[in-house]
Amino acid sequence: MTDIPLDSTSPLEPGSTIGIIGGGQLGRMTAIAARQMGYRVAVLDPDPDSPCAQVADHVVEAAYDDRDAARELARISDVITYEFENVDPDAAEAAGEITRLWPSGSVLRTTQNRVLEKEALKRAGLPTADYVKIESLDDYLAGLESLTGPWVLKTATSGYDGKGQVVVNEADDGAAFRELEGKSPAMVLERFVRFKLEMSAICARDADGHTLTFPVSENDHVDGILDTSIVPARIEPHVAEKASELAISVAEALDVRGVIAVEMFLTQDDEILINELAPRPHNSGHYTIEGCNTSQFQQLVRVLCRLPMGSVEMSKPTVMVNLLGDVWEAADGKPDWADALSVPGTNLHLYGKAEARKGRKMGHITTVGDTVDVALHRAQLSRQKAKG
Ligand code: AMP
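Residues numbered from 1 in each chain as written. Predicted model: local features only at pLDDT ≥ 70, side-chain atom pairs only at ≥ 80, totals over all residues. Heavy atoms only, no water.

### A few points about the side chain of Thr128
No. 1: With respect to the element layout, Thr128 can be found in the loop between helix H5 (114-123) and strand S5 (131-134).
No. 2: Owing to a relative accessible area of 16%, Thr128 belongs among the buried residues under this scheme.
No. 3: Excluding its chain neighbours within four sequence positions, the residues that come into contact with Thr128 are Leu121, Leu273 and Ile274. (Helix = DSSP H or I, 4+ residues; strand = E, 2+ residues; numbered from the N terminus. Buried < 20%, exposed > 50% of the residue type's maximum accessible area, 1.4 Å probe, protein only. Contact = heavy atoms within 4.5 Å.)

Spelled out as structure tokens, the structure:
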């Protein structure tokens, strides 16, 4: 690393090192964007062959809660970020005492706990589904009384991709509570939202407080995991504008330096409710690589390096479909990429994961088209062809 004071406002010179805590596909795509711009990348992950490690200049092989390792990463980096929420905030903050940590440890603490996250949104006057905090069976039973059902019970921590949550259709005597008990110090009971659609907006915010929001993505989940992102979302322009404004409000309320993804429900009455926040690039923003002038990954790199943010303009409708391990299963372990890529406008991204397990995010396909319908059709066809 170069000897840069923590409060320096100068841009980082190419050749400087970006440290990433977490070696998954989000780190990998951030690293690729960083290297494209001449930066070096160091990654901390327990797996020496993680998706990000495969493209990084330096790997610190350690657990996410290893403070000494986080400090080691900080010593070789000029700025540090994290690519998933289940990083230990104490370790991240230990690194942040040595090198700039963006977004901050407090953003990480808030967004890795659904209770803290919802409380922060509430304090900022931002809309969420009605919820109550649950710490005991009595809280749970009282919650069923005070909120109109059906409900969703979620663990406060360690939940992602629909894990750690149970839909409760009818008031029970504690079955759902017992199913999740012990998995997290607290839970959240919230109203089940009968949404028209799910959408997300990714807002980038720099150290001077400038914000730019990528076009709103319409997201289709299957079994709690993102399946398809359609951009532009098929919503009224005023709804898209409101969603984008909400994402900016979130970034400002949490004082984010970096990017934050804001996942939302659009209700049957066109009300927008914020469901979840992720202070990092997001699966629903993968479309920005081919769809926008600047990708979410490059935007993060620009913010981290104190460079001006890039335009988020889109030229054509873009659709992303995830490639889960299920595709490999359907193709007897050998997806037909040649056939998948024979579909016009398709781009293949594979994350370099050796083992294709059911539900595991292995890659994605992004397709551009003259219309949303064409892009959607092509993306789905391409994935179908991959299955053989
Ligand atoms: P989450 O882990 O909170 O992002 O939830 C994963 C998925 O579960 C969401 O994308 C929704 O499809 C669904 N879900 C979560 N919370 C609710 C809710 N309150 N009402 C309806 N569906 C929900």
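### Regarding the domain arrangement of the protein chain
No. 1: Domain annotation of the protein chain identifies domain 1 (17-101), domain 2 (130-191) and domain 3 (195-386).
No. 2: Taken together, the contact between domain 1 and domain 3 spans 20 residues of the former and 24 residues of the latter.
No. 3: Summing both partners gives a buried area of about 1,800 Å² for domain 1 against domain 3, and 68% of it is carried by carbon and sulfur.
No. 4: When the buried surface of domain 1 facing domain 3 is broken down by residue, Gln25, Leu26 and Met29 rank first, second and third, together holding 28% of it.
No. 5: Here domain 1 and domain 3 share one salt bridge between them.
No. 6: Between Glu85 and Arg280 there is a salt bridge whose closest N-O contact spans 2.4 Å.
No. 7: At the junction of domain 1 with domain 3, the criterion picks out five residue pairs in polar contact (both at pLDDT 80 or more).
No. 8: Elements with a contribution of two residues or more to the side of domain 1 that touches domain 3: helix H1 (25-36) and strand S4 (79-82).
No. 9: Top element by residues in the side of domain 1 that touches domain 3 is H1. It accounts for eight residues. (Domains from an automatic or database assignment. Buried area = accessible area lost by both parts, 1.4 Å probe. Salt bridge = Lys/Arg side-chain N within 4 Å of Asp/Glu carboxyl O. Polar contact = N/O pair within 3.5 Å; in protein donor to acceptor, adjacent residues only side chain to side chain.)

### What to know about the pairing of strand S11 (residues 217-222)
No. 1: In this structure, strand S9 (residues 195-205) lies alongside S11, joined through three bridges in antiparallel fashion. Bridge pairing links Ser200 to Ser217 in S11.
No. 2: In the sheet, S11 pairs with strand S12 (residues 225-231) via five bridges, with the strands oriented antiparallel. Note that in S12 the partner of Asn219 across the bridge is Ser229.
No. 3: Counted along the chain from S11 to the antiparallel partner S12, the turn is two residues long, and its residue Asp223 has a positive phi close to 55°. (Pairing = 2+ DSSP bridges.)

### A closer look at the site of the ligand
No. 1: The immediate surroundings of the ligand are formed by 15 residues, with Lys154, Glu190, Val193, Glu198 and Glu276 found nearest.
No. 2: The separation between a nitrogen atom of the ligand and a polar main-chain atom of Arg191 is 2.9 Å.
No. 3: Of all the secondary structure elements, the ones that give two or more residues to the shell around the ligand are strand S6 (151-155), strand S8 (187-191), S9 and strand S14 (272-278).
No. 4: Along the lines of polarity and charge, the residues of the shell around the ligand split into five nonpolar, four polar and six charged.
No. 5: Here the shell around the ligand gathers at least three residues from each of two domains, domain 2 (130-191) and domain 3 (195-386). (Near = heavy atom within 4 Å. Nonpolar A, V, L, I, M, F, W, Y, C, P; charged D, E, K, R; others polar.)

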